[in-house]
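Structure at a glance
So the chains spell out like this:
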Amino acid sequence: MRDTVLPPALGELRPVITAVAALAGAFPALPGPVEIGRVVTRTTVALGIRVELHTTFADFEAWRAALDVDPVAVEHLPLATVQTLRAYGVFHGVPVVVTAYSPVYVLAQAA
C-alpha cells in the first residue's frame, strides 16, 4: 500500500500565511509570486514559503538580503544552458526557499 501525503489543512497553514503577510508588510517591493505549502529544505520537508524567480538575479538578491541569508550559503546549481541559485532562509519561524533561474550568459555578464 502506498503512503498518501494529504495536503495541509488551512489551519495548519496559518503560521505560513502569517509569515507571508509579515513579509509583505516588511518588504512590499519583493517580487512574487510566492507559494505556500510543503517545501524541501536542506534537512527536511516542512510547511513553508517557496519563491521561484524566472526574472533576474537582482530579484533573487533582494530576497536573499531580506531573509538575511549569507551569500556564502547560496547554492549555485549550474547546468548547460541554465544557472540556478537557491537560498534557504527562515522568516517568522517559517522556512523560505528561494530559487532563481536564468540563462548561462546572464550570470556571465554579472561577473
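Here, every reference points to the structure presented above.
An account of the accompanying structure is given in this report.

What counts and how
- Residues numbered from 1 in each chain as written.
- Predicted model: local features only at pLDDT ≥ 70, side-chain atom pairs only at ≥ 80, totals over all residues.
- Heavy atoms only, no water.
- Helix = DSSP H or I, 4+ residues; strand = E, 2+ residues; numbered from the N terminus.
- Buried < 20%, exposed > 50% of the residue type's maximum accessible area, 1.4 Å probe, protein only.
- Polar contact = N/O pair within 3.5 Å; in protein donor to acceptor, adjacent residues only side chain to side chain.
- Pairing = 2+ DSSP bridges.
- Phe/Tyr/Trp six-rings, centres within 6.5 Å; stacked < 30°, edge-to-face > 60°.
- Expected span 1.5 Å × (residues − 1).
- Arc of directions from axis to C-beta.
- Contact = heavy atoms within 4.5 Å.

For the protein, the count of helices and strands is three helices and five strands. Secondary structure elements in the protein, listed N-terminal to C-terminal, are α-β-β-α-β-β-β-α. Each principal axis of the C-alpha distribution contributes one length, and for the protein these read about 45 × 40 × 20 Å. Put simply, the protein has 111 residues, and 32% of those count as buried.

Take the side chain of Q83 next. The topology assignment puts Q83 in strand β4 (residues 82–91). Taking the relative accessible area as the measure of exposure, Q83 reaches 7% and is therefore buried. Among the polar contacts made by the side chain of Q83, one reaches the side chain of H76 at a distance of 2.3 Å.

Here we take up the pairing of strand β5 (residues 94–103). Extensive coverage of β5 is indicated by the burial of eight of its 10 residues. Bridge count for strand β2 (residues 45–53) against β5 is five bridges, and the pairing is parallel. Note on β5: the bridge partner recorded for R50 is V97. Pairing analysis gives 10 bridges linking β4 to β5, with the strands arranged antiparallel.

Quick look at the packing of aromatic side chains now. To describe a pair of aromatic rings, one takes the distance between the centres and the angle between the planes. For the structure shown, the criterion picks out one aromatic pair. Note on F27 and F91: the rings are 6.3 Å apart at their centroids and 65° apart in plane angle, and the pair reads as edge-to-face. Of this pair, F27 sits in the loop between α1 (14–26) and β1 (34–40) while F91 sits in strand β4; the two residues are 64 residues apart in sequence, bridging distant segments of the chain. With a relative accessible area of 12%, F91 lands in the buried category.

Right, let's talk about helix α2 (residues 57–66) for a bit. Buried residues of α2: F57, F60, W63, R64 and A66, and no others. Positioned one or two residues after α2, D68 has a phi angle of 60°, which is positive.

Once that is clear, we can look at α1. Over its 13 residues, α1 extends 18 Å from the first C-alpha to the last, a length consistent with the 18 Å expected when each residue adds 1.5 Å. Within the span of α1, buried status applies to V16, A19 and L23. What you see down the axis of α1 is that its buried residues fit within an arc of 60°, all on one side. Away from its buried face, by an angle of more than 90 degrees, α1 presents the exposed residues R14, A21 and G25. For α1, the elements touching its buried residues are β1, β2, α2, β4 and β5.

Time to look at unusual backbone geometry. Across the junction of G32 and P33, the peptide omega takes the value 0°, indicating a cis bond. Looking at the secondary structure, you find P33 in the loop between α1 and β1. The residue D68 is not glycine, and still its phi comes out positive at about 60°. Its location among the elements puts D68 in the loop between α2 and β3 (75–78). Even without being glycine, H92 reaches a positive phi, approximately 55°. By the element assignment, H92 lies in the loop between β4 and β5. The exposure class of H92 is exposed, given its relative accessible area of 56%.

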